[in-house]
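Residue-level structural notes
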Amino acid sequence: MPITFTNNWKNILDKLKSVLRTEFKNALPVYIGNEDDRAGSQYLRLEPTGSELSEYNINGEIREFSISIFYVFSGAQNIKGGSLDHVLRYVSRIEALIHNNITMTLSDSTNAFDCRIETTDLNTDEDESTYVVEMSYLCQHLGNTD
């Protein structure tokens, strides 16, 4: 007999994408995985990286989901001054936005909670014409409830 399940990954990624798109409108496109078309000079890419069981009992489980958020700024040759300030303003704005959305209601009416950016790594790309910031996003979710 087939089991009933909810695709929590899709629900969390879709909500995170929606929060980011609402904040940045058309100034910063947001893509999930490899669906990006990289049409502009900057964009965000959400890449799911894993989940870890935090708490388990007969009534459900709490899982911590991890997602890498990549902020990509193209045309960053010899990034200094104004360009670097631009990148750092966007990174700070994303960090503040996530902090303001510590709890998110998902499409199935459950909640992702304890949402946070745990680490931010600057200039993770070796291509000198692109500046990439990788942020480690974590959230918890109560799922598989009876």
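Notes on the structure follow.

The rules behind the values
Residues numbered from 1 in each chain as written. Predicted model: local features only at pLDDT ≥ 70, side-chain atom pairs only at ≥ 80, totals over all residues. Heavy atoms only, no water. Phe/Tyr/Trp six-rings, centres within 6.5 Å; stacked < 30°, edge-to-face > 60°. Helix = DSSP H or I, 4+ residues; strand = E, 2+ residues; numbered from the N terminus. Buried < 20%, exposed > 50% of the residue type's maximum accessible area, 1.4 Å probe, protein only. Pairing = 2+ DSSP bridges. Axes fitted to C-alpha atoms, helices over the stretch in contact; angles between N-to-C directions. Parallel < 35°, antiparallel > 145°, perpendicular 65-115°, else oblique. Left-handed = near helix turned anticlockwise from the far one by under 90°. Contact = heavy atoms within 4.5 Å. Nonpolar A, V, L, I, M, F, W, Y, C, P; charged D, E, K, R; others polar. Core = buried A, V, L, I, M, F, W, Y, C linked by side-chain atoms within 4.5 Å. Expected span 1.5 Å × (residues − 1). Arc of directions from axis to C-beta.

All chains considered together, the criterion is met by four aromatic pairs. Seen from their ring centres, W9 and F65 are 4.8 Å apart, and the 90° between their planes marks the pair as edge-to-face. In this pair, W9 is assigned in helix α1 (residues 8–24) and F65 in strand β3 (residues 60–74), connecting sequence segments 56 residues apart. With a relative accessible area of 26%, W9 lands in the partly exposed category. Assessed through its relative accessible area of 4%, F65 is described here as buried. Relative to Y90, the ring of F24 lies with its centre 5.5 Å away and its plane at 15°, an arrangement referred to as stacked. Taken as a pair, F24 in helix α1 and Y90 in helix α2 (residues 82–100) lie far apart in primary sequence, 66 residues in all.

Here we come to the pairing of β3. On a regular strand, each side chain points to the face opposite its neighbour's, so the side chains alternate between the two faces of the sheet. Of all the 15 residues making up β3, 13 are buried; the element is thus mostly covered by neighbouring parts of the structure. In this structure, strand β2 (residues 42–57) lies alongside β3, joined through 14 bridges in antiparallel fashion. Following the sheet pairing, L53 is matched in β3 by R63. Hairpin remark: β2 followed by β3, antiparallel, with two residues in the connecting loop. Sheet analysis places β3 next to strand β6 (residues 130–143), joined by 14 bridges and oriented antiparallel. Across the sheet, residue I62 finds its bridge partner in β6, namely L142.

The geometry of α1 relative to α2 is characterised by a closest axis approach of 11 Å and an angle of 125° between their N-to-C directions. Compared by their axis directions, α1 and α2 come out oblique. Seen along the crossing, α1 lies across α2 with a hand that is right-handed. Along the contact surface, α1 presents L16, V19, L20, E23 and F24, while α2 presents Y90, R93, I94, L97 and I98. In terms of residue class, the contact of α1 with α2 is built from eight nonpolar, no polar and two charged.

Attention shifts here to the nonpolar core. Residues L16, L20, L44, L46, Y71, I94 and Y137 are the most contacted members of the largest nonpolar core, which totals 32 residues. Among the elements of the structure, α1, β1 (30–32), β2, β3, α2, β5 (111–121) and β6 are those that each provide at least two residues to this core. The contacts of L20, once residues within four sequence positions are left out, are V30, L44, L46, I94 and L97. Counting residues in each nonpolar core, the second largest holds five residues, with Y31, F70, V72 and V132 among its members.

Examined against the element boundaries, V19 turns out to sit in helix α1. Taking the relative accessible area as the measure of exposure, V19 reaches 12% and is therefore buried. A sequence separation of eleven residues divides V19 from V30, and the C-alpha atoms of the two residues are 10.0 Å apart. Ignoring anything within four residues of it in the chain, the contact list for V19 reads L97, N101 and M104.

Another aspect to go through is α2. The α-helix winds at 3.6 residues per turn, so residues separated by three or four positions along the chain end up facing the same way. Look at α2: 27 Å from first C-alpha to last across 19 residues, which is about the 27 Å you get at 1.5 Å a residue. For α2, the complete set of buried residues consists of H86, V87, Y90, V91, I94, L97 and I98. Along α2, the residues classed as buried sweep out an arc of 130° about the axis, all on the same side. In α2, the exposed residues that point more than 90 degrees away from the buried face are G82, H99 and N100.

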